[in-house]
Amino acid sequence: MSTTLSARRVARPSVRAWWRDAAGLTAWSSVLFVVALWVSGRGVQDLVSDFFTSAGRLTGLLSADLLLLQLLLMARIPWVERSYGQDELARRHRIAGFTSITLLAAHLVLITLGYAATDRSGVLGEAWTLVTTYPGMLLAAAGTAALGMVAVTSVRAARRRLRYESWHLLHLYAYLGAGLALPHQLWTGADFTASPVATAFWWTAYAAAAGAVLVFRVGRPIWLNARHRLVVEQVVPEGRGVVSVYLRGRDLDRLPVAAGQFFVWRFADGPGWTRGKPFSLSAAPDGSRLRISAKDLGPGSRRLATLRPGTRAFFEGPYGRLTATVRKGRKIALFASGIGITPLRALLEELPYRPGEAVLFQRAGHQADLLFRRELEDLAARRGVRVHYLLGRRSRDRTSWLPAGYAPVPDEQVLRHLVPDLAAHDVYVCGPDAWTGAVLGSARRAGVPADRIHCERFAW
Ligand SMILES: Cc1cc2nc3c(=O)[nH]c(=O)nc-3n(C[C@H](O)[C@H](O)[C@H](O)COP(=O)(O)OP(=O)(O)OC[C@H]3O[C@@H](n4cnc5c(N)ncnc54)[C@H](O)[C@@H]3O)c2cc1C
């Protein structure tokens, strides 16, 4: 793909700064509204007369609200996705998820204790009565089990033991869990039916969550794939264990995508094709073709090398906010390690800057592992990009993003030497977790403001 800027105008995803605030405000307002519903339902007064039941009601309401926010967070709603980016959404999803499941556990215990005290019965007996005699409780128990399984398998230690596909499949049970929990709320939950306002709120919240998932995780991808009909044009080796896949399709100039973004891809090339894999664009979208480049890290990335021209490519997305939209100033400094160069190579092609205003650091173990070298040197010559290749083995005795050869000079001292006015740059970083963390630390210590540091992690 030439490095000259494309002539065809390409639709770019837009982002409004207030979207993020609006999403945050909506989420917090729903939590406050739920608490207000509980208060208006004599929740505070009941804490005195029947602490367990009242506290149980509150934890149940908050858990349900967070569960719906969970679904909205991962529903791939474009305005939310572009405002937060996948890895921040995944991080918030984790926090809201574990908080929701903890509140659910508290809800189960407190309600059982409260009802047992009221019925003057044993706790276990009461739990059995609740599950077997209250409407919708058997479904809710199954839903709780599904949500519990999702939470347990999302604990880092457990997740590390699971293949990504197995974990992802188990995670889909969260939808089942949320669905099974709903009936008992409507049939048993006094707070859900106490007032027309409460009922309207909960039905709207559930409809919004279900609607968002259906529209943005199912409807939109089907529509975009039917419209753009992407197929593999060619597969080209790029370096050791790395290939580029060129894709052609219809009306690509109308696909709202920007350099720095990624898609989740499925290539219809045989068994296992339904497993989606995220790959970033490795060249700026030019309205006629897309390019991704992948390093062979396992079965999903390896099979890209065997793709045949004409193979149908299905995509979800584009996703990610490592784009021009987050940029604050004129100068840019890009830090890439290994295959993390893909989105940054695309950004260097798409972003406007004057000669000398852009600098790229490309980290690799060996010369042979440097990717897109010819394209980067062409960009360097044509657009005045300063390119630094950081080659060599990792330092064994300190956390550093620089090769061992730079030791013992502190990272930020090297950084200040190579980019004296780094604090005036927007810093874009992409690479393995630990390496990215080291670069972010250096950039902060070198005085780069937090809102000028942008990174994408290739692992969720
Ligand atoms: C936002 C993003 C952009 C990426 N862009 C690129 C790119 O441009 N080029 C490139 O070579 N790689 C990229 N990756 C990484 C790439 O998705 C994984 O290397 C690939 O999915 C590995 O799958 P596998 O079957 O080959 O190996 P596996 O053995 O299944 O996995 C290897 C590693 O990749 C992780 N992984 C597997 N499947 C997924 C998935 N669906 N989502 C997230 N992580 C997964 C696993 O947790 C594991 O750590 C990106 C990842 C993310 C999250």
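Procedures and definitions
Residues numbered from 1 in each chain as written. Predicted model: local features only at pLDDT ≥ 70, side-chain atom pairs only at ≥ 80, totals over all residues. Heavy atoms only, no water. Buried < 20%, exposed > 50% of the residue type's maximum accessible area, 1.4 Å probe, protein only. Helix = DSSP H or I, 4+ residues; strand = E, 2+ residues; numbered from the N terminus. Contact = heavy atoms within 4.5 Å. Pairing = 2+ DSSP bridges. Right-handed = clockwise from strand over helix to strand, strands pointing away. UniProt positions renumbered as here; feature names shortened; annotations may be inferred. Near = heavy atom within 4 Å. Polar contact = N/O pair within 3.5 Å; in protein donor to acceptor, adjacent residues only side chain to side chain. Areas by Shrake-Rupley, 256 points an atom, 1.4 Å probe, with all protein chains shown as cover. Domains from an automatic or database assignment. Salt bridge = Lys/Arg side-chain N within 4 Å of Asp/Glu carboxyl O.

Under an unreviewed UniProt entry, the name given to the protein is Oxidoreductase, and the organism recorded is Amycolatopsis eburnea.

For the rest of this paragraph, the subject is helix H14 (residues 341-350). In terms of burial, H14 is a largely internal element, ten of the ten residues being buried. Buried residues along H14 sit against strand S4 (277-280), strand S5 (289-295), strand S7 (331-337), strand S8 (358-364), helix H15 (373-383) and strand S10 (425-431).

A separate point is the pairing of S8. When you tally the buried positions in S8, you get seven out of seven residues, the bulk of the element. Side chains Ala358, Leu360, Gln362 and Ala364 project from S8 onto one buried face, and the interleaved Val359, Phe361 and Arg363 project onto a second face that is buried too. Bridging between S7 and S8 involves six bridges; their strand directions are parallel. By the bridge assignment, Ser337 is partnered in S8 with Arg363. Regarding topology, H14 serves as the crossover connection from S7 to the parallel S8, and that connection is right-handed. Relative to strand S9 (residues 386-391), S8 runs parallel, the two being bridged by six bridges.

Glancing now at the UniProt feature "transmembrane region" (unreviewed entry) in the protein. In the UniProt entry, the feature "transmembrane region" (unreviewed entry) is given for residues 21-39, 51-74, 95-117, 137-158, 170-188 and 200-219. Structurally, residues 21-39 comprises 100% helix and 0% strand, and the distance from its first C-alpha atom to its last is 26 Å. Between the first and last C-alpha atoms of residues 51-74 the distance is 35 Å; the span itself is 96% helix and 0% strand.

Among the structural elements, Gly338 can be located in the loop between S7 and H14. In sequence terms Gly338 and Lys295 are 43 residues apart; their C-alpha atoms lie 8.8 Å from each other.

What follows is about the site of the ligand. Looking at the ligand, there are 21 residues lining it, with Arg163, Pro278, Lys295, Gly300 and Ser301 nearest. Here Gly276 contributes a backbone N or O atom positioned 3.1 Å from a nitrogen atom of the ligand. Between the ligand and Lys295 there is a distance of 2.7 Å, counted from an oxygen atom to a backbone nitrogen or oxygen. About the coverage of the ligand: the protein hides 85% of its 860 Å² of free accessible area. Broken down by secondary-structure element, the contributors of at least two residues to the shell around the ligand are S4, S5 and helix H13 (299-302). Broken down by element, the shell around the ligand gets its largest block of residues, four residues, from S4. Residue contributions to the shell around the ligand reach at least three from each of two domains, namely domain 2 (229-319) and domain 3 (324-458).

Turning to the pattern of salt bridges, a few remarks are in order. If you walk through the whole model with that rule in mind, you get 26 salt bridges. We note a salt bridge from Arg345 to Glu375, for which the minimum N-O separation is 2.5 Å. Of this pair, Arg345 sits in helix H14 while Glu375 sits in helix H15; the two residues are 30 residues apart in sequence, bridging distant segments of the chain. The exposure classification of Arg345 matches that of Glu375, with both residues buried. One network of salt bridges, with partners in common, ties together Glu238, Arg291, Arg345, Glu349 and Glu375.

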